[in-house]
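# Structural characterization, general
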Amino acid sequence: MCGIVGYCGYRPASVVLLEGLKRLEYRGYDSAGICVGTGNKFELLKKRGKIRELNELVGKRTLGDFGIGHTRWATHGEANDRNAHPHTSASGDVVLVHNGIIENYAELKKEFESSGQIFQSETDTEVIAFMIEDAYKGNLENAVREVLPLLKGTYGIAVIHKNEPGKIVGARNGSPLVLGIGEHEMFLASDVTAILAYTKDAVYLNDGELVSITKDGYRTFDINDTIIQKQVEQISWELEQIEKRGFKHFMQKEIHEQVESISRAFQGRLNKESATGHLGGLNMLPNELLGVRRVIIMAAGTSYHAGMIGAYLIEKLARIPASAELSSEIRYKNPVVEHDSLYFVVSQSGETADTLQAMREIQRKGGKVLGLCNVVGSTIARESDGGVYLHSGPEIAVASTKAFTSQLAVLYVLALSLARMRHLSIEDGLKIINALEVLPEKISSILKQTAHIEALAEKYHRYENFLFLGRGMNYPVAMEGALKLKEISYIHAEGYSAAEIKHGPIALINENTPSFFLVPDDLLRDKVITNMKEVKARKGKLIAVAVEGDLEIAGIADDVIYIPHTEEIMYPFLMVLPTQLFAYYCAIKLGRDVDQPRNLAKSVTVE
Ligand code: F6R
């Protein structure tokens, strides 16, 4: 989604802004721009396309001592130079960047158009600059405060005015904004990755809060101009975590990082002596957890797939009815919220609008919502009633990989704790802990097969349709495998329960539609083999992920990827790895932009 950077300080503003925008590239965008000021001389440069095209406009020049920059992911108006941010007011005195959506922009625009004013863009943003200019009476903070109540929708904005060089005013309502504090320099950003190279001291704005920065200080206040004292927090990420470190793509790096990121998700959260898990951040006493009669996990996309597996496991181990719901849907179905139900939201970014709104809807109805997030200080992390961080480190590739396995790891610890409070024995609890602890080793051994999986991608990447099929806990993994393949390679893929194919999808099978089967050595193995044979009988190509030693599978499938044996419930962690690698290499072979696939954004902050 869109990204914002702002800078006031002693360095050339264009350099800081362009570097910040480069760091925000991963969020997905289709145009970019900056406006830099040297005194009251502003230079505005914006361009459709990638940051490198904006860089070409700037050339070798280093410009300005303050300024604002933006990466735009088109919503209102196509991706072109005119619609790119920053946008200016009628006279050009006010310059502004905006994340979010102004729902009443058309109505607001009409007022200006009726007095003969002309807008340059089709965006919902430009009108805010016009309004601020109109409200300006010598003080930018006051003008912004006057305009904000008139806007309906969501925004994170950064604004500058020619009469107040060296100052940026920011405001937040529904789109993240963070202030970075340096020595004689200040930063504004929609995401800490943009400023991590310069500072680790951050102040996260809440909805309804404004900030005004100059190179020597900042002021946080609200719409009534009441000063708000904010806590300065330390950004826990390291700069090297947001760099590729020798890998060709962030996605490749993040797939490989799973060996460590998984252990970080359960480190310090497992107790062998009592054979249970402990998630302190939930802020719930044991008797409260014992009183839980229903668990609902809300999430979107990949996080929803993790949630489906988590729900399956909670019900299986803890014997508590549990389900996963698409956050975009639960919000609008007027859900029944009961006092003994426990709600979880799962979100890598902690900013996904659908999930955030689902959480707020449940909270409005009096429900308790706990968050599983990766991004520290994110909106969901701050607004949930308790929660747990994934500690996967920054996930930069748009396609989620390591966050998925970390989400699973935390959900497994949760299921274990709920189960140990109920029917799960010490022996069975210990088995789960032991199996979790050896996962990194098993993941490493799968990663050693990268060359084999790359060769399979070479063989199959020209097919245009795929089915991903699994059962039980591996059914959501099949959905995740299909999602990964389609989002980064643009090959059409569907994920189904293998049992379901005979109810429809089998009609798609012919020699041009390969099926990717997930076949653990569990209770349903033989039934899955039957499904494989049904596909084979219809000349469908078969790729299988199976357990080492399962030679029967090699006799049925065209190609097999073997994974190590593990406890039945642990297979989702291992099954997903080959699907991630397969998607990655298919995308590479097809020449796709793996880290920034078309039309996608990293954190989807619009509904
Ligand atoms: C797929 C992917 C998306 C996200 C979804 C939710 O690779 O990344 O499907 O999983 O947009 O995002 P979060 O987890 O940030 O709420």
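Here's a quick rundown of the structure. Note that the structure is a prediction, hence the values are computed from the model and not measured. Each chain has its residues counted from 1, following the order in which its sequence is written. Under the rules for a predicted model, residues below a pLDDT of 70 receive no local features and side-chain atom pairs below 80 are neither given nor counted, while totals for whole chains, interfaces and linings still include all residues. Derived side-chain values reflect all non-hydrogen atoms in the structure, with water molecules and hydrogen atoms excluded from consideration.

### Some remarks on the packing of helix H3 (residues 105–114) against helix H4 (residues 126–135)
Axes here mean lines fitted to C-alpha atoms, for a helix over just the part in contact, with angles spanning 0 to 180 degrees between N-to-C directions. The way it works is that DSSP assigns letters per residue, a run of H or I at least four long becomes a helix, a run of E at least two long becomes a strand, and they are numbered from the N terminus. At a closest axis distance of 10 Å, the pairing of H3 and H4 adopts a crossing angle of 50°. Overall, the two elements H3 and H4 adopt an arrangement that is oblique. In this structure, H3 crosses over H4, and the sense of that crossing is left-handed. Contacts from Tyr-105, Leu-108, Lys-109 and Phe-112 in H3 reach Val-127, Phe-130, Met-131 and Asp-134 in H4. Among the residues forming the contact of H3 with H4, the class breakdown is six nonpolar, no polar and two charged. Any angle between 65 and 115 degrees counts as roughly perpendicular, while under 35 counts as roughly parallel, over 145 as roughly antiparallel, and the rest as oblique. Take the far helix as your reference; a near helix turned counterclockwise from it by less than a right angle gives a left-handed crossing, and one turned clockwise gives a right-handed crossing. The contact criterion used is simple: two residues touch if any of their non-hydrogen atoms lie within 4.5 Å. Residues are grouped as follows: Ala, Val, Leu, Ile, Met, Phe, Trp, Tyr, Cys and Pro are nonpolar; Asp, Glu, Lys and Arg are charged; every other residue, Gly included, is polar.

### Side note on helix H9 (residues 301–318)
One less than the residue count of a helix, multiplied by 1.5 Å, gives the span that helix is expected to have. Relative to the 26 Å expected for 18 residues at 1.5 Å per residue, H9 spans 25 Å between its end C-alpha atoms, a close match to the ideal helical length. Burial analysis of H9 places 14 of its 18 residues in the buried class, the great majority of the element. Using a 1.4 Å probe on the protein chains alone, a residue whose accessible area is under 20% of its type maximum counts as buried, one over 50% counts as exposed, and one in between counts as partly exposed.

### Considering the nonpolar core
Formed by 129 residues in total, the largest nonpolar core has its most connected members in Ile-314, Tyr-412, Phe-466 and Phe-582. The greatest single-element share of this core, amounting to 13 residues, is contributed by helix H20 (residues 571–589). Those residues in contact with Ile-314 that lie beyond four places of it in its chain are Val-295, Ile-297, Arg-319, Ile-320, Ala-322, Leu-414, Ala-415 and Leu-418. The criterion is simple. A nonpolar core is a set of buried Ala, Val, Leu, Ile, Met, Phe, Trp, Tyr and Cys residues joined through side-chain atoms within 4.5 Å. Listed in part, the 28 residues of the second largest apolar core include Phe-119, Ala-135, Leu-140 and Tyr-155.

### A closer look at the sheet that holds strand E26 (residues 559–563)
In this analysis, strands are considered paired if DSSP registers two or more bridges between them. Pairing in this open sheet of five strands is parallel, and the strands run E23-E22-E24-E25-E26 from one edge to the other. Of all the strands in the sheet, just strand E23 (492–497) and E26 have a single pairing partner and so form its edges. Going from strand to strand, the sheet's axes swing by 15° on average, the running direction of each strand aside. One ladder, built from six bridges, connects strand E22 (residues 465–470) with E23; its direction is parallel. Among the inter-strand pairings, Leu-469 is bridged to a residue of E23, identified as Tyr-496. Running at roughly 175° to E23, helix H17 (residues 475–489) makes contact with E22, E23 and strand E24 (515–519) of the sheet. Those strands touched by helix H18 (residues 525–537) are E24 and strand E25 (542–547), and its axis lies near 165° from that of E24.

### Side note on the pairing of strand E17 (residues 294–299)
Among the six residues that make up E17, five are buried, leaving the element largely enclosed by the rest of the structure. Sheet topology places E17 next to strand E19 (residues 341–347); six bridges connect them, and they run parallel. When the sheet's bridge partners are listed, Ile-297 is paired in E19 with Phe-344. Sheet topology note: the E17/strand E18 (residues 322–326) ladder contains five bridges and is parallel. Paired with Ala-299 across the two strands is Leu-326, which belongs to E18. By the criterion used throughout, a crossover qualifies as right-handed when its path from the first strand across the helix to the second strand runs clockwise, the strands pointing away from the viewer. Handedness of the crossover is the feature at issue here: the chain leaves E17, passes through H9, returns alongside E18, and the resulting connection is right-handed.

### Re the site of the ligand
Proximity is defined per residue: if any heavy atom of the residue lies within 4 Å of a molecule or strand, that residue is considered near it. Contacts to the ligand come from 14 residues, most closely from Ser-303, Ser-347, Ser-349, Thr-352 and Glu-487. Within 3.5 Å is the distance limit for a polar contact, defined as a pair of N or O atoms, with the added protein rule that one can donate a hydrogen and the other accept it, and that residues adjacent in sequence qualify only through two side-chain atoms. With respect to the ligand, the backbone of Ser-400 contributes an N or O atom lying 2.9 Å from an oxygen atom. Protein contacts shield 90% of the accessible area of the ligand, which totals 410 Å² for the unbound molecule. Contributing elements (two or more residues each) for the shell around the ligand: H9 and H17. Of the residues that constitute the shell around the ligand, the class distribution is four nonpolar, eight polar and two charged. Method for areas: the Shrake-Rupley scheme with a 1.4 Å probe, in which residue coverage is limited to the protein chains shown.

### A closer look at the environment of Pro-165
Locating Pro-165 in the fold gives a position in the loop between strand E7 (155–161) and strand E8 (168–173). You can call Pro-165 partly exposed: its relative accessible area is 42%. Separated by 127 residues in the primary sequence, Pro-165 and Thr-38 place their C-alpha atoms 7.5 Å from one another. The residues contacting Pro-165, other than those within four sequence positions of it, are Gly-39, Asn-40 and Phe-66.

### Digging into the environment of Lys-248
Here Lys-248 lies in the loop between strand E14 (233–234) and helix H6 (250–256). Relative accessible area serves as the criterion here: at 59%, Lys-248 is assigned to the exposed category. On a C-alpha basis, the gap between Lys-248 and Ala-457 in space is 17 Å, while along the polypeptide they are 209 residues apart.

### Observations concerning the pairing of E24
In terms of residue burial, E24 counts as a mostly covered element, since five of its five residues are buried. Of the two faces of E24, the one lined by Ser-515, Phe-517 and Val-519 and the one lined by Phe-516 and Leu-518 are each fully buried. Bridge analysis of E22 against E24 gives three bridges, and the strand direction is parallel. By the bridge assignment for E24, Leu-467 is matched with Ser-515. You can see the chain leave E24, run along H18 and come back into E25, and the turn it takes is right-handed.

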